[in-house]
Amino acid sequence: MANNVPGGALTPADGLTIARMGYGAMQLAGPHVFGPPRDRDQAIAVLREAVDLGVNHIDTADFYGPAITNELIRQALYPYPADLVIVTKVGARRGADGSWQQSLAPDDLKAQVRENLQRLGLDVLDVVNLRVGSAEGTSDESVAEQFGALAELRREGLVRHLGLSGVSAAQLTEAQAIAPVVTVQNLYNLANRQDDALVDRCAAENIAFVSFFPLGGFSPLAHDALVDVAAQVGATQQQVALAWLLERSPTMVVIPGTSSIAHLRENVAAADLKLPADAIAELDTIGG
């Protein structure tokens, strides 16, 4: 992959190189990530534009929709570009009412992997993250049985690389004793920095730390310091928040989501924004 990908390229494992500015496909589904998109053609156009902008890292899950986002990705991008990395996650299902239901039984995790393969039209998944916690927090409960089930699929050749989502440092250590971990995907942004130590650990171990809800998710970031710095550097507040994340750690990866081409272009442009040291210091006070 060329070095001019958005945010630069990160190689957390042999055969796995991703743009640090990724794209999260969650918002392509309908309201509350349930049902079809309001504008299917627009959703497909956004996916194609992301790839055209150099983004080779798309984050998805079969429980988005459910199934909707994976079907959109396949329709928009199949046959997939050779360097495209599709990262999916397992560990949840959706109720008929749209509710989010944790589903971590080993047999069902394997079924979820096969559903992702089918809907994406793939024989092997690039990266599968085991989703344990959520935006509400993490725990130290054992993940050995669940991660072991995914490691079996890796040995069978259905999955190339494994990661974790919504996990603690202890759970990362436990998983690493079972199989290599290439990604940790946790809630982390300017205002939510409880994982500072884990971010630094991932950098030391060359693990991609993938920030979900980099712009605050359902509670958008808002702070006077963010307003001040955005005015100072001539960028939007969202661009500043993304640029701060990319500056935070060399293995930080962001996956902002949007269903708007204009917003997508704005997000990707944030990868070229270099924040001066005094601006970073001011932004650091937000989560302090």
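Residues numbered from 1 in each chain as written. Predicted model: local features only at pLDDT ≥ 70, side-chain atom pairs only at ≥ 80, totals over all residues. Heavy atoms only, no water.

Structural notes on the pairing of strand β8 (residues 125-131)
Then, number 1: Of all the 7 residues making up β8, 7 are buried; the element is thus mostly covered by neighbouring parts of the structure.
Then, number 2: As paired elements, β8 and strand β9 (residues 159-165) share 6 bridges and run parallel to each other. Paired with Arg131 across the strands is Ser165, a residue of β9. (Buried < 20%, exposed > 50% of the residue type's maximum accessible area, 1.4 Å probe, protein only. Helix = DSSP H or I, 4+ residues; strand = E, 2+ residues; numbered from the N terminus. Pairing = 2+ DSSP bridges.)

So, the sheet that holds strand β5 (residues 85-90)
Then, number 1: Here we have 8 strands laid out as an open sheet, ordered β3-β4-β5-β8-β9-β10-β11-β12, and parallel in their pairing. Sheet topology places β3 (23-24) and β12 (252-254) at the edges, where each strand pairs with a single neighbour.
Then, number 2: When strand β11 (residues 208-212) meets β12, the two strands line up parallel, connected through 3 bridges. Bridging across to β12, Phe209 finds its partner in Met252.
Then, number 3: Along the sheet face, helix α4 (residues 144-156) touches β5, β8, β9 and β10 (181-187) and points at about 165° away from the line of β9. (Contact = heavy atoms within 4.5 Å. Axes fitted to C-alpha atoms, helices over the stretch in contact; angles between N-to-C directions.)

Structural notes on the packing of helix α8 (residues 237-248) against helix α10 (residues 277-284)
Then, number 1: Closest axis-to-axis distance for the α8/α10 pair is 11 Å, and the angle between their directions is 100°. Taken together, the axis directions place α8 and α10 in an arrangement best described as roughly perpendicular. In contact with Val240, Trp244 and Glu247 of α8, α10 contributes Ile280, Leu283 and Asp284.
Then, number 2: Among the residues making up the contact of α8 with α10, the classes are represented as 4 nonpolar, no polar and 2 charged. (Parallel < 35°, antiparallel > 145°, perpendicular 65-115°, else oblique. Nonpolar A, V, L, I, M, F, W, Y, C, P; charged D, E, K, R; others polar.)

Focus on α8
Then, number 1: With 12 residues, α8 should cover 16 Å at 1.5 Å per step; its first-to-last C-alpha distance of 16 Å lies within 8% of that length.
Then, number 2: Where burial is concerned, most of α8 is hidden: 9 out of the 12 residues are buried.
Then, number 3: Those residues of α8 that fall on the buried side of the exposure criterion are Gln239, Val240, Ala241, Leu242, Ala243, Trp244, Leu245, Leu246 and Arg248.
Then, number 4: Tucked into the core, α8 has its buried residues touching α6 (196-204), β11, α7 (224-233), β12, α9 (261-269) and α10. (Expected span 1.5 Å × (residues − 1).)

Focus on helix α5 (residues 169-176)
Then, number 1: Residues of α5 that are buried: Gln171, Leu172 and Ala175. Viewed end-on, α5 has its buried residues packed into an arc of 105°, placing them on one side of the element.
Then, number 2: Along its buried surface, α5 packs onto α4, β9, β10 and α6. (Arc of directions from axis to C-beta.)

Some words on the pairing of strand β1 (residues 9-13)
Then, number 1: The pairing of β1 with strand β2 (residues 16-19) spans 3 bridges and is antiparallel. Residue pairing across strands places Ala9 opposite Ala19, the latter belonging to β2.
Then, number 2: In this structure, the hairpin formed by β1 and β2 is closed by a connection of 2 residues, where Gly15 is found at a positive phi of approximately 80°.

Some words on the environment of Asp41
Then, number 1: Here Asp41 is to be found in helix α1 (residues 40-52).
Then, number 2: Take Asp41: its relative accessible area is 61%, and that puts it in the exposed class.
Then, number 3: A sequence separation of 31 residues divides Asp41 from Leu72, and the C-alpha atoms of the two residues are 9.5 Å apart.

Here's the deal with the environment of Gly257
Then, number 1: Topologically, Gly257 is positioned in the loop between β12 and α9.
Then, number 2: Expressed as a C-alpha distance, the spacing of Gly257 and Pro66, which sit 191 residues apart in the sequence, is 17 Å.
Then, number 3: Apart from residues no more than four positions distant in its own chain, Gly257 is found in contact with Tyr23, Gly24, Gln27 and His263.

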